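Residues per chain are reported as follows:
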Amino acid sequence: MKPLSDFFKAIKKDARISTTHIGVYAALLQYCLENEGANPLSAFSYEIMWIAKVSAQATYHRSVKDLHSFGYIRYEPSFKRNCRSKVYLLL
């Protein structure tokens, strides 16, 4: 619970963060827990989208790119359909 608590403390005064960002970040944390705390995470977008209940790829990618540019995660897209992207949780 500490990583999620740290995230909520960090976003408390960040007006750029929406409920979609929160959902995607929480899904990344859940995926991390399901994979024995792996950091960086190695995942396909559809795996995280399913957990976050995000149905549009554009929404997911916008949220991940925003979280990356805001400094909450480091995102390294693979740009290949058969290779997983890497996501580093920074908090």
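As a reminder, the structure under discussion sits directly above these lines.
It should be emphasised that the depicted structure is a prediction, and the values quoted were computed from it without experimental measurement.

Each value, and the rule that gives it
- Residues numbered from 1 in each chain as written.
- Predicted model: local features only at pLDDT ≥ 70, side-chain atom pairs only at ≥ 80, totals over all residues.
- Heavy atoms only, no water.
- Salt bridge = Lys/Arg side-chain N within 4 Å of Asp/Glu carboxyl O.
- Helix = DSSP H or I, 4+ residues; strand = E, 2+ residues; numbered from the N terminus.
- Buried < 20%, exposed > 50% of the residue type's maximum accessible area, 1.4 Å probe, protein only.
- Core = buried A, V, L, I, M, F, W, Y, C linked by side-chain atoms within 4.5 Å.
- Contact = heavy atoms within 4.5 Å.
- Pairing = 2+ DSSP bridges.
- Axes fitted to C-alpha atoms, helices over the stretch in contact; angles between N-to-C directions.

Structural notes on the pattern of salt bridges
Step number 1: Taken as a whole, this structure holds 4 salt bridges when the rule is applied.
Step number 2: With a closest N to O distance of 3.2 Å, Asp-6 and Lys-2 form a salt bridge. Of this pair, Asp-6 and Lys-2 are both found in helix H1 (residues 2-11), 4 residues apart, which corresponds to roughly one turn of the helix.
Step number 3: Taking the relative accessible area as the measure of exposure, Asp-6 reaches 23% and is therefore partly exposed.
Step number 4: What makes Lys-2 exposed here is its relative accessible area of 57%.
Step number 5: One salt bridge connects Arg-16 with Asp-14, and the closest N-O pair in it is separated by 2.8 Å.

So, the nonpolar core
Step number 1: If you look at the biggest cluster of nonpolar residues, it comprises 24 residues, and the most contacted ones within it are Val-24, Tyr-25, Leu-28, Leu-67 and Ile-73.
Step number 2: Listed by contribution, the elements that provide at least two residues to this core are H1, helix H2 (19-34), strand S1 (41-43), helix H3 (45-52), helix H4 (57-70), strand S2 (73-76) and strand S3 (85-89).
Step number 3: Element by element, the count of residues in this core is highest for H2, at 7 residues.
Step number 4: Residues within four places of Ile-73 in sequence aside, it is in contact with Tyr-25, Leu-28, Val-64, Leu-67, His-68, Val-87, Tyr-88, Leu-89 and Leu-90.

What about the sheet that holds S3?
Step number 1: If you trace the 3 strands from one edge of the open sheet to the other, you get S1-S3-S2, paired in antiparallel fashion. What marks the edges here is a single partner per strand, and that holds for S1 and S2. Taken pair by pair, the neighbouring strands of this sheet meet at an average axis angle of 20°, ignoring direction.
Step number 2: Where S1 and S3 come together, 3 bridges link them in antiparallel fashion.

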